[in-house]
Structure formats: C-alpha cells, structure tokens
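Inside the fold
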Amino acid sequence: MAMLEVKDLHTSFFTPAGEVKAVNGISFDLDSGKVLGIVGESGSGKSVTAYSILQILSHPGRIISGSIKFKGKELVGAGEEELHKIRGNKISIIFQDPMTSLNPVYTIGNQLTEAILLHTDRNKEQANARAVEMLELVGINEPEKRLRQYPYELSGGMRQRVMIAMALACEPDILIADEPTTALDVTIQAQILELMQDLQKKLGMAIIMITHDLGVIASLCDEVIVMYAGSVCERGTADEIFYHPAHEYTKGLMRSIPSIDDDEHERLVPITGTPIDLLNMPSGCPFAPRCDRAMKVCLTGRAKEVRVGSDHLSACWMNVKDGAERGVIQTDDDGNITAIDLEGNLDGTAEGGKAQ
Amino acid sequence: MSNDLVEVKNLKEYFPISTGFLRTTPLKAVDDVSFTIGRGETLGLVGESGCGKSTVGRTILHLYKPTAGQVIFDGKLVGPDTIKEYRRRAQIVFQDPYSSLNPRLTVADIVGEPLDVNKLYKTRKERSERVLELLNTVGISSEQMTRYAHEFSGGQRQRIGIARALASRPEFIVCDEPVSALDVSIQAQVINMFEDLQSQFGLSYLFIAHDLSVVKHISNRIAVMYLGHIVEIAEANELYHHAVHPYTVSLLSAVPVPDPERARASQRIVLEGDVPSPLHMPSGCPFRTRCSRATGTCADSCPQLKEVAPGHMAACHNL
Amino acid sequence: MENKTIKKNPLSFQIDPNLFQQATDEEKAQIVTQRESVSFMRDAMRRLVHNKMAMICLVILVVITLIAIIVPMIYPYTYTQQDVTGKYLKPFEYSAKEQARINAGQEVFPHIMGTDNLGRDYAIRVIYGTRISLMVGFISALIVVFIGILYGAISGYFGGKVDLIMMRIVDIIYSLPDVLIVILLSVAIKDVISTSKSDLIVRLGAGMISIFIVFGLLYWVGMARQVRGQILSIKEQEYVLASKAAGASAMHIILKHMIPNCISVIIITAAMQIPSAIFTESFLSFVGMGVSIPMPSLGSLASDARSGLVSYPYMLLFPALTIFLIVLSFNLLGNGLRDAFDPKLRS
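Fair warning: this is a prediction, and the values are worked out from it, not measured in the lab.

**Some points on the overall build of chain B**
For chain B, the helix and strand inventory stands at 11 helices and 12 strands. Taken over the C-alpha trace, chain B has a radius of gyration of 21 Å; the compact-globule value for 319 residues is 20 Å, and the two agree within 12%. Overall size of chain B, expressed as C-alpha extent along the three principal axes, is 70 × 55 × 50 Å. Residues counted as buried form 57% of the 319 residues belonging to chain B. Surface summary for chain B: the accessible area is close to 12800 Å², and the carbon and sulfur share equals 51%. The distance from the centre of the 34 positive side-chain charges to the centre of the 35 negative ones in chain B is 5 Å.

Structural data, given as structure tokens:
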C-alpha cells in the first residue's frame, strides 16, 4: 500500500461566473521516500491538487468527490481536528512566495518554535533547541541570532530556507513543495534545489514537487505527472517522460523550450493557441483544440490512461492510434485496452494500467 | 555612419532612497554601463533580480532620467530636442502582461494610443486600418479589437503589448522580460514572433531576461549584469562555451537543464550567500563577497571590462 | 486492479477509422468558446444588480428622493401654513375648522402625520426636511468629488516634494474639529449673508451656507487621500510607462489612464460621503446650527419634537426614522458598490 493514495479527485471553484473544474479526476500514489514531480502550466490544477490533499483550499474551492488516503486513513471528509494532526506534522507544505508565507510581526524563532510546540510534546527549551538544529540543517549560519530576527531582515533565499526548516521541523512523511523556487533567482534556486536534494537523502521523506519548470523536475524527481487543464496527461519515471514522451502535450512542451546547448539557431516549435477556458470544459481531450495531431475522436471523448512503457502511463488517443497501426495493443478478455507497447519493452503478462 | 544603432556610454542611474528625516542615500541601480547595439542585432541582458537590468532598459529609453552618461541613437545624442523623435523610434515591451495594459481601454485603443499621441494618422479610417494591420501582425483577430484586455490570456496580452510597441514603426525595442511571466508553451510562440518581427522590420532588440536558455536562443550577443555593473559581454555561443567571469560561470552552471541524466551528472557550482544590497555595495569588485577566487586586490578596486578574446570582454582582476 | 491474463491480440481491437481521422481546424475551434465581452463598468453593474441588499437600498433611496422632489409640488399644504385651531393633531385627525368644512361636504386632505405645535402639517415638514438632507448630501458629495479628485490627482501624479507639502496640508485640515469650524463659520457668515438679497441664500440661511462651505473646506481631504493613493499605485503600472514611452503628455496620462482607473474608488468614497454629510447636517440642525426657521430639516424636526416627547412620541419617530432609512441605505449601497467595484474580488 502506498503512503498516499489519491483516487479520482475532483476539485472545483464555484465562482459567480460558473463552476471552474480545477482538478478533474486525478489519481496517483506516492510511496514513502519518493520524489514525485507534478508539472503543468498555470491553470493545470497542479497547486489545487496539493491544496486539496491538505484541504487548505480557499473559498469558493471545494473537493467534489474522490478519495485521498494517507497511510490508509481517508482524509476527504475527515474532521478538522484529525486534519490538524496531519497538516504541518505528517504532511507539510512550502509555498512559492517566501515573502508572504512568513508572518512579518513575529520573529523567525517565534514562528519556528510555535510550529514545533504545536505538534510535538517538547517543552519550550527543547523546541528552541530543535529550532536551532533545524536552521543549521537548512544551512543558515548563526542560527541563534537568526531566531531573534524578523522576516524582513532576511533575503528571499534565506526565507525559503526558514520555510523549509519550519516544514521539516516535525519530521513529516511528506513535504509538498509548491513552486518553491519560482520566485527565486537562478543562483538561489540552485542553492534551494541542492538543499532539498540533500535533505531528502538525509531525512528520507517523500516530496511532491509542484512546478512549471521542466528543468527543476529533471534535477530532483524520480517520478513525474504531467497535468493539463485539471487532468493527468501522462505519468512515469522521469527518464521515461523526458526521453520517451508519449502524450502529444508533453511532446509539444519538450519541443517548445529553448535548449541552452543548441548552438545552431533552431526555430522553436511552439504549441499553438491558448489554454482552454476552465469554465467551459469540453467533453473531449482538453488539449485537443491546441493539438496539431488532434483527431475526431479527441474532440468527443477522453482517452483512458494506458500503459505505454514499463513505468509509464499516457492518456492520449494518438497512442491508441499508433498502437493499433503497429499492432502492439494489448487487451484483456473483455477487449479493453490495457497496454500499448510503443517502445517494444512490455512483456505480454504485464499488469494492467495502474491508475484504473 | 556607424553600424551601431544604439550606443550607451557610461550610463548611471542612482535612485535617492530616503534613509532618515530629509536624508537620502543614492541607490546605485546602474553604475557606469556602456555597450552598443547594432542594426538588426539582439543584445541579451541577463542578471538576477535587483541587478539593474530593467533599469538599464528604462533609462536607455529616458523613462527614468539618467543620473549621468549618454545614449546615442542613430548617431544623435538623445536629449530634449531629439526626445520626441526618439520616443517614436524606440519602444518597449514589458514583462507583466497584466499591469502593462490599461484595463479600461479596448484593445483597439491600447494599440492606437501611440498613433494618437504621435498623431500618426489623418483620418479615423486610417487609424483603424493601421490598428487592424498591427493586430493582424501579432495574430489577434479583428473581431477581438473591441474587447478589453482582461478578457485575453497572458500570451495574447503580450501580443497586444507587442502590437502597441510596433505602432509607431520603431527601429529599436527594449524587451523587458517579455516572456518571463508566460507559460512555457506560450513562451515559444512569443519568442518566435519576436524573431519574425525582427526579420520583417529589421528591428534591433535589447532583450532583458533572467532565463539564460531564452536569452541564448534569441540573442546575437549577451551582456551579464551583476549589481549595476556589466561583468561580461560576448557573442552568445562564445559566452556559453568560454565564459571567464566567475559569476557568469556559476550562473550558467545553475541553470536547471530539462534532462534527468545530465542533471544527475552535472556539477553545479552553487554560489554561497546572497546578493548584497545595492545600498551597501562592497568595496572594489561587486561580486567579491560571493566569489571563490576573490583576493585582496578585489576589495581595493573595481575591475574594468577588458578584452579576453575578440569581441569578448570581462571585468575580473583574476584574468 | 484485477489480474486478468493479458494477451497480445491486435485483431480483437477493432477501431473505427473515421474516428481517427485528423480533426479540422474548424472542428477544433468549435470547442473553444469565447466568453461574452464585458467592460469593467458593465461587469461591476451586473455584480451590483445581483446584490439584493444594495438593490433594495437603491430602491428605497430612489423612492425617498422622488417623494422629496414631487410631493411638495402637489401637496395641498405648505411647510409654513399654520392652523391655530389644529395644534398637535394626531395623524389623520382634523382641526375644528377642517371638521366644519368636512361637515359642509368639502373634501379635506388628511394630516397623515398630524400637525406640530403651530398647527403646520407635519408630513410636508418631514418631506421638506428630507429634501434639505438629501440636498446637503448630494451637494457636499459633489464638492468633495470635485476638489478631492483634482487635489489627489495632482499630489499623486507629481509626487516628491509637491506630494509632501500637499499631503501635510491635508493632515492639518484632517485634524481640525469640524463642529467647531461650523459654529465659527456660521457666526462669521451670518453678517455677510444678512446683507444678501438672493432668495436662495436667504431661504437656506447662514447655518446651511456655512455647512456647505465647511464640507467644501474640510470633507474633500478623505477623497483626496483615496485618489492620491490610487494614483500612486497606478503610476507604477506599466501601461503608464508604456504611454510615457510612446511620448504621451502628463495631461494625457492623467485623463486617459489615471482618472478612469480611479473611478471605482471615487464612486465608493462619494457614496460613503453622502450619509456622513447628511448625518452631520442633522446633528448640527439638532443643536440649532443648521437651517433657519421656518425651514425644516430632519435634525431640527427631531429637536423640536423633544419638548413634547412624552405626549407626542410619533413626532420624533418620523424624522428619526427617515434619517435612519436614508443613512442606512446609503451605507449599505456604498458597501454594495465597493463589493461590485473592488477589483480584488474580480475573478
């Protein structure tokens, strides 16, 4: 059993203009000690997924249906008291903007020890010692002095370190990082990524890394989920996703980023059009209107997630078509597609789509 | 006539920051910056936030009054008697597609504003034809011209901003982080558009960004800024392969590459510490507080740009 | 996740080749629906209309305003007309004289709210009082809007030393006690007014004129601060820089970019200004500093009703209720406007 199991999660925002389906049926498992990357553009629902797990959605957002199980315990519909025990303790989160996620009127020490006192039975002195230890762990020098400082006295990178210290103070099983480096400069981003990698190795917690930056995903994650307009396009190990992308959206995304190694000036291949209006979600594939290879079937129905590699699922009709043309579709007794052997590396008795 | 369209000489921009009752300290956002941009050339300007790259762009356009230094455009010094013409021939595209378009104006009025201000039409018909032509150039359909800016997505808004910049038929455009706020898939659309417009109208760009991959892709030459100074400037591939300034080297190594295997193999040179505040600049070389190779001389004097290879200049004592 | 045996069986999977044809651009475009175009103003108005509380308040205010304007024109009594035989009549009571006329078969319009200590019809006096209150509210809002925008826009746009000096003046005015100023001014103005022959000025009286002058002198500062703050933040917006880069003049930028983006703040501040002006006027009239006799105001009516409070409590009720309705409605409408126009709530 995976540590965190998310099944068919639907989260919507009920705005005056109508229902915005921010997360539209996503499922995934997270094993302990793994780093899962969720990558997507703005409006893909990646952050809303994270907020749904902790149930810290802001009004008018609401989980419509689905299940989120943490160590077998259902979180959807759980009482506030129960969630309180989990938030910040078992599952903690760090946000994009280190400027606004610390309270400016309290010292660093105040906020850090408060988090520790809240979730552990340490006394004040022990909590203080733990705070110092945590700041050392995240690479902040002169921790005793920092504890007495206010957030405005620290730089952006330093604040993000404090946020990480705070999130890890109670030794959570899962750390959710919501675009933790987006607001930071390149050199500071490198520092924070390095730090997260180190801490993950040292403490062994699982990380859900939410970002739009494929570079960040590549440098940190074991597994990757690619999201578009609230749905999962594709998922698999980082190597599978980067080297054998199967979904047309992922392929388009890879083509559209300029490579820093490219010395010959090659023209970028952008994805045409603009993202779909989440208020008017089509019944077909949400990416179809922007997809160069969209087929009639893409406009009417959504493709099911199908295994296209040993650790690789994709929900794209194009895979079905390719598979059918090459005769590499595997079905079960009822004729349902269970896998498509695009790379020729699936054996005939492989287990069916994990997500179904 | 020289081949350079824009020549920037010893540009300085200090902002007075109030540090007490009726007392101010100069914040040296841009400190003695010089470079040239050729006709039809793209000069990339990279650096971290607060290094003064945006200020350079705005000061060149005289949106901020330069504290010192000169901007020479097409052989003429930009000053009170040339500013009107300069405003028409040099334009800007901003980063934030949300704050750069007035929410109370229709797209047609936003794009038409430079035409109104510079009186570039005789009849209303001529104006609307020109607006249509501009929107067409950036791929906004004519039926959308009566819509308001907030009805468009980020990428479309950026196109509208580009159409506005093109309205007065400029020769030089300062692109102030024009793709930083956009989604990856949209970024490529806008980058391609900048390239197309450049070949179509022979534009020169000053392309400001913090994303090194984007800057390298679009630029002919790249200048690297740190704390108000240009520390290295070279042709794009030369800079990428033979960077000599320790800051450029670490900046390049810090770029996360979308390639898991290389990410695992790569040795990032992680810079220690943070960028010092421009209010309390270190003495001598601005980078010495984070530089692993800093020596005594670095604290004594600020290194000047010197040529290390043809067309490749760097400002470091240890070269 | 049932573990069925899985066969490599390409033939069992038959697909409809039609479905896998390339979709045309038109077909793709059909999926993308574009929302209806709405301007900021229309969007805000739509939100306001959906706000039930604000709409009820708006209806109440419109009805009260219409009554205050139309009723005096068609009403059979005037606010000065006395009937010594009918002092302190209860609502719908008739004086001896009127009773005689009714007996003679004539029709007599009833005193809906009774009469006062001089036998004047109370309903028309309350309506006149409402008229005065609304006039004070609207005129003071006009003064405030005009001076406030001009002052705030100049201070915000030019910034620096100009802003520093202009805002210190605002601070000084802010700290002046307004009641004290009204009292001083009405004393000073009385001499000037008494020599004036203008009908309007004479009828309104020194108290009223001084109220207007005080509002004009003092109350614009709130608006000026709001507008300045808004202008300061708009100044940082890149569309202002873009306009400057295109070569636009300061006047063009203020008129085309800054003022239109201040409209919401201006509307909200003005809507909140009106009830506070009405309240101040009522208060001043209550203590005898407002309109001059025989012109009624809601405040002075309430004050007069005090003497007979025990015997005729309804005489206090009518003006008090009217003030209450007007002030509450304006405040709630102001809240509604703020919700409708506040860009932070826009999705």
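**Things to note about the overall build of chain C**
Of regular secondary structure, chain C possesses 12 helices and one strand. Within the span of chain C, comprising 347 residues, buried residues form 45% of the whole.

**Thoughts on the environment of Arg-130 of chain A**
Residues and elements named next belong to chain A. Relative to the assigned elements, Arg-130 resides in helix H4 (residues 124-137). A residue is classified by how much of its surface remains accessible, and Arg-130, at 8% relative accessible area, is buried. With 14 residues separating them along the chain, Arg-130 and Ile-116 place their C-alpha atoms 8.0 Å apart. Contact partners of Arg-130, with chain neighbours within four places excluded, come to Ile-116, Arg-122, Leu-168, Ala-169 and Glu-171.

**Notes on the packing of aromatic side chains**
Residue and element names in this part refer to chain B. Using the criterion set out here, one finds 21 aromatic pairs over all chains in the structure. A ring pair is formed by Phe-73 and Phe-172, whose centres lie 6.5 Å apart and whose planes are at 40°; its orientation type is tilted. With Phe-73 in strand S4 (residues 68-73) and Phe-172 in strand S7 (residues 172-176), this residue pair connects regions lying 99 residues apart in the sequence. Note on accessibility: Phe-73 and Phe-172 belong to one class, buried.

**Side note on the confidence of the model for chain C**
All names here are of chain C. Of the residues in chain C, 87% reach a pLDDT of 70 or more, and the chain-wide mean stands at 81. When the elements of chain C are averaged for pLDDT, strand S1 (residues 7-8) gives the smallest value, 48, and helix H3 (residues 52-74) the largest, 92. In the model, residues 1-13 has pLDDT below 50 throughout and makes 32 contacts with residues more than four positions away in sequence or in other chains. Listed scores for the predicted complex are pTM 0.83 and ipTM 0.86.

**Some points on the interface of chain B and chain A**
Listed per partner, the contact involves 43 residues of chain B and 45 residues of chain A. Counting the surface lost from both chain B and chain A, the interface buries some 3800 Å², and carbon and sulfur atoms represent 53% of this. When the area that chain B buries against chain A is broken down by residue, the three leading residues are Val-184, His-217 and Arg-268 of chain B, summing to 16%. At the boundary of chain B and chain A, one finds three salt bridges. Close ionic contact of Arg-267 of chain A with Asp-196 of chain B constitutes a salt bridge, the shortest N to O distance being 2.9 Å. Linking chain B with chain A are 19 residue pairs in polar contact (both at pLDDT 80 or more). Residue assignment for the side of chain B that touches chain A shows that the elements contributing at least two residues are helix H6 (184-201), helix H7 (212-218), helix H8 (236-242), helix H9 (246-254) and helix H10 (260-265) of chain B. At nine residues, the largest contribution of residues to the side of chain B that touches chain A is made by H6 of chain B.

**Digging into the pattern of salt bridges**
Under the definition given, this model contains 33 salt bridges over all chains. One salt bridge in this structure joins Arg-87 of chain A and Glu-80 of chain A, with 3.1 Å as the shortest N-O distance. Ionic pairing is found between Glu-142 of chain A and Lys-145 of chain A, a salt bridge with its closest N-O pair at 3.9 Å. Among the residues examined, Glu-142 of chain A registers a relative accessible area of 44% and is labelled partly exposed. Three or more residues are tied together by salt bridges with common partners; here these are Arg-39, Asp-74, Lys-76, Glu-85, Arg-89 and Glu-171 of chain B.

**Comments concerning the sheet that holds strand S12 (residues 312-314) of chain B**
Residues and elements named next belong to chain B. Strand order in this open sheet of eight strands is S6-S7-S8-S3-S9-S10-S12-S11, and the pairing throughout is mixed. Edge positions in the sheet fall to strand S6 (90-93) and strand S11 (306-309), since each has one partner strand and no second. Recorded for the sheet is a direction-independent mean angle of 20° between the axes of neighbouring strands. Pairing geometry for strand S3 (residues 42-46) and strand S9 (residues 221-226), over four bridges, is parallel. Residue Leu-43 lies in a different strand from S9, and its bridge partner there is Arg-221. Strands in contact with helix H5 (residues 154-166) are S6 and S7; relative to S6, the strand with the most contacts, it is inclined by about 175°.

**Digging into H9 of chain B**
Across the nine residues of H9 of chain B, eight count as buried, placing the element largely inside the fold. In this structure, the buried side of H9 of chain B is in contact with helix H7 (186-203) of chain A together with H7, S9, strand S10 (229-235) and H8 of chain B.

**As for the sheet that holds strand S2 (residues 18-30) of chain A**
In sheet architecture, strand pairing relies on hydrogen bonds along the backbone and comes in two forms, parallel and antiparallel. Residues and elements named next belong to chain A. Read from one edge of the open sheet, four strands run S2-S1-S4-S5, paired in antiparallel fashion. Unpaired on one side and paired on the other, S2 and strand S5 (73-74) mark the two borders of the sheet. Two strands pair when backbone bridges link them, and strand S1 (residues 4-15) and strand S4 (residues 61-70) are joined in this way by eight bridges, in the antiparallel orientation. What sits directly across from Lys-7, in S4, is Ser-67.

**Digging into the state of the cysteines**
Covalent bonding between the sulfur atoms of two cysteines is what defines a disulfide. Residues and elements named next belong to chain B. Scanning all chains against the criterion turns up zero disulfides over all chains. With no disulfide of its own, Cys-51 lies 14 Å from the sulfur of Cys-285, the closest cysteine sulfur. In this model Cys-302 remains outside any disulfide bridge; the closest cysteine sulfur is found in Cys-285, 6.3 Å from its own.

**Some words on the packing of helix H10 (residues 250-286) of chain C against helix H11 (residues 298-305) of chain C**
Residue and element names in this part refer to chain C. Two elements in contact, H10 and H11, have axes separated by 7 Å at closest approach and are oriented at 40°. Considering their axes alone, H10 and H11 lie oblique with respect to each other. The interaxial crossing formed by H10 with H11 has right-handed handedness. Within the contact between the two elements, H10 uses Ser-282, Ser-285 and Phe-286 and H11 uses Gly-299, Ser-300, Ala-302 and Ser-303.

Analysis parameters
- Residues numbered from 1 in each chain as written.
- Chains lettered and ligands numbered in written order.
- Predicted model: local features only at pLDDT ≥ 70, side-chain atom pairs only at ≥ 80, totals over all residues.
- Heavy atoms only, no water.
- Helix = DSSP H or I, 4+ residues; strand = E, 2+ residues; numbered from the N terminus.
- Rg over C-alpha atoms; globule rule 2.2 N^0.38 Å.
- Buried < 20%, exposed > 50% of the residue type's maximum accessible area, 1.4 Å probe, protein only.
- Areas by Shrake-Rupley, 256 points an atom, 1.4 Å probe, with all protein chains shown as cover.
- Lys, Arg positive; Asp, Glu negative; His and termini not counted.
- Charge placed at Lys NZ, Arg CZ, Asp CG, Glu CD.
- Contact = heavy atoms within 4.5 Å.
- Phe/Tyr/Trp six-rings, centres within 6.5 Å; stacked < 30°, edge-to-face > 60°.
- pLDDT = per-residue confidence, 0-100.
- Buried area = accessible area lost by both parts, 1.4 Å probe.
- Salt bridge = Lys/Arg side-chain N within 4 Å of Asp/Glu carboxyl O.
- Polar contact = N/O pair within 3.5 Å; in protein donor to acceptor, adjacent residues only side chain to side chain.
- Pairing = 2+ DSSP bridges.
- Axes fitted to C-alpha atoms, helices over the stretch in contact; angles between N-to-C directions.
- Disulfide = S-S within 2.5 Å.
- Parallel < 35°, antiparallel > 145°, perpendicular 65-115°, else oblique.
- Left-handed = near helix turned anticlockwise from the far one by under 90°.

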